[in-house]
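Given next are the chains, with one letter for each unit.
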Amino acid sequence: MEFATFILAAQRGYHQSCDSVIGNSIEQAIASEQAGFNTAWFAEHHFNNYSLVPSPLMMVAHCAGLTSTIRLGTGVCVLPLYQPQRLLSEIGFADIVSNGRLELGVGSGYQQFEFERFGVDVDQAPAVFAEYLDILLKGLNQKVFEHNGQYEKIPLTAISLRTIQRPAPPIWIACGSARSMCRAYREGHNLFVTAFHNGLENLRTLRETIEAAAASRGKDVTAAKIGLLRCCYASDDQAEIDSYLDNARFQRRLSEALHQRRQQSRDGYLLQETPTQQDLSFETMRQNLPIGSVSRVIDRLLEEISILKPDQIAIQTQLGDFDQKTMLRQIELWGDKIIPAINKSLG
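These figures come from a predicted structure and were not determined experimentally.

Here we look at the pattern of salt bridges
If you walk through the whole model with that rule in mind, you get 19 salt bridges. Across the salt bridge formed by Arg-71 and Glu-103, the nearest N and O atoms sit 2.3 Å from each other. Here Glu-103 lies in strand E4 (residues 102-107) and Arg-71 lies in strand E3 (residues 71-78), a separation of 32 residues in the sequence. Judged by relative accessible area, which is 22%, Arg-71 ranks as partly exposed. For Glu-103, a relative accessible area of 6% translates into the label buried. The salt bridge involving Glu-304 is made with Arg-230; its shortest N-O contact spans 2.9 Å. Taken together, the residues Glu-304 in helix H10 (residues 294-308) and Arg-230 in strand E9 (residues 226-230) connect sequence positions 74 residues apart. Accessibility classification places Glu-304 together with Arg-230 in one group, the buried group.

A few points about the packing of helix H6 (residues 178-187) against helix H7 (residues 200-216)
At a closest axis distance of 8 Å, the pairing of H6 and H7 adopts a crossing angle of 50 degrees. In terms of orientation, H6 and H7 fall into the oblique class. In this structure, the crossing between H6 and H7 has a hand that is right-handed. Along the contact surface, H6 presents Ala-178, Met-181, Cys-182 and Tyr-185, while H7 presents Leu-206, Thr-209, Ile-210, Ala-213, Ala-214 and Ser-216. Grouping the constituent residues of the contact of H6 with H7 by class yields 8 nonpolar, 2 polar and no charged.

Thoughts on the nonpolar core
Membership of the largest hydrophobic core comes to 106 residues, with the highest contact counts inside it found for Val-193, Ile-210 and Trp-334. When residues in this core are grouped by element, the largest group, 8 residues, is from helix H5 (residues 125-141). Not counting residues within four places of it along the chain, the set of residues in contact with Val-193 comprises Cys-175, Met-181, Leu-206, Ile-210, Ile-226, Gly-227, Leu-228, Leu-229 and Leu-308. In this structure, Val-78, Leu-81, Val-122 and Ala-125 belong to the second largest nonpolar core, which totals 5 residues.

Analysis parameters
Each chain carries its own residue numbering, running from 1 in the direction its sequence is written. For a predicted model such as this one, the threshold for reporting local features is a pLDDT of at least 70, and the threshold for listing and counting side-chain atom pairs is 80 or more; totals across whole chains, interfaces and linings nevertheless cover every residue. The basis for every side-chain value is the complete set of non-hydrogen atoms in the structure, without hydrogens or water. Only one rule defines a salt bridge in this text: a Lys or Arg side-chain nitrogen within 4 Å of an Asp or Glu carboxyl oxygen. Working definition: helices are DSSP H or I runs of at least four residues, strands are E runs of at least two. Numbering for both runs from the N terminus. Partly exposed describes any residue whose relative accessible area lies between the buried limit of under 20% and the exposed limit of over 50%, with all areas from a 1.4 Å probe on protein chains only and scaled to the type maximum. An axis is simply a line fitted to the C-alpha atoms; with a helix, the fit covers only the stretch in contact. Between two such axes, the angle follows the N-to-C directions and lies from 0 to 180 degrees. The scheme is simple: roughly parallel for angles under 35 degrees, roughly antiparallel for over 145, roughly perpendicular for 65 to 115, oblique for anything else. For a crossing to be left-handed, the near helix must be turned anticlockwise from the far one by less than a right angle; the clockwise case is right-handed. Every residue pair with non-hydrogen atoms within 4.5 Å of one another is taken to be in contact. Throughout, the ten residues Ala, Val, Leu, Ile, Met, Phe, Trp, Tyr, Cys and Pro are labelled nonpolar, Asp, Glu, Lys and Arg are labelled charged, and all others, Gly among them, are labelled polar. Side-chain atoms within 4.5 Å link the members of a nonpolar core, which is a set of buried Ala, Val, Leu, Ile, Met, Phe, Trp, Tyr and Cys residues.

Quick look at the structure:
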């Protein structure tokens, strides 16, 4: 089983400076390597405090010089917000400076707030994503390529910066629908999925959807790697757990607001946190998630792994204004106790 950290780089309020949030994210990536995690993922968002990373490839390139073994991933590049021709060169650059450690996560995006400010129609995002991924695959696999599509027309073009990994870095698709899962299986990409803060039944449904997508393309479900993004936290300190849950729920509230196209920004930047009908109590979140004592986290993760059968678990860090020193200790704890115990149980 692979383990990763998913670093959102959130800012809960003005009591956190931008530079401290980014500095904490970088420090967590370095700590993840020291703890033995396989991958550090970096999110991408714009124009508000939900996440402060505008380019996960820039984070990959920077952290490449501060690490040596951990793989560095984009979680995800929101393709409709890019020029795919330029993105191809940046992908090549990031893979070169990381010495072939890039994991390329891509997605269609969902936040209208962001899309409006780039002049892109969020309702067309799935179609644009599909075409732009076609372009990336051409540019990664062909020395010279051209494209004549609905959204982009590219004359014969060569990309000068070629990736070290051939023919391309592993590609992960953020799969929020059966359609995106089907494409992943059709083209041999990996799947990045989440059960949000829901419990085992949601994981069972997710597994069934993945199996159906693989079968629809005549593929064995193991033909693609499955990565699960999960909120996990191990501690016997109830105050620590409650702080983590509070920040996880804060982050979910902002995500839902942006997804449902509600603007809650009073000053044009800082989003106002508002309770929603989807809010779960801390008790329900503790029941649903691998959260609690070390033994509880290990047992719960093993149960979730037996249901979803993922290849990678990506635990969420850098949520809201959770204490940095405490999170660094948490990352170390996973490396010392949780990851070895789970892998030993899995044989």
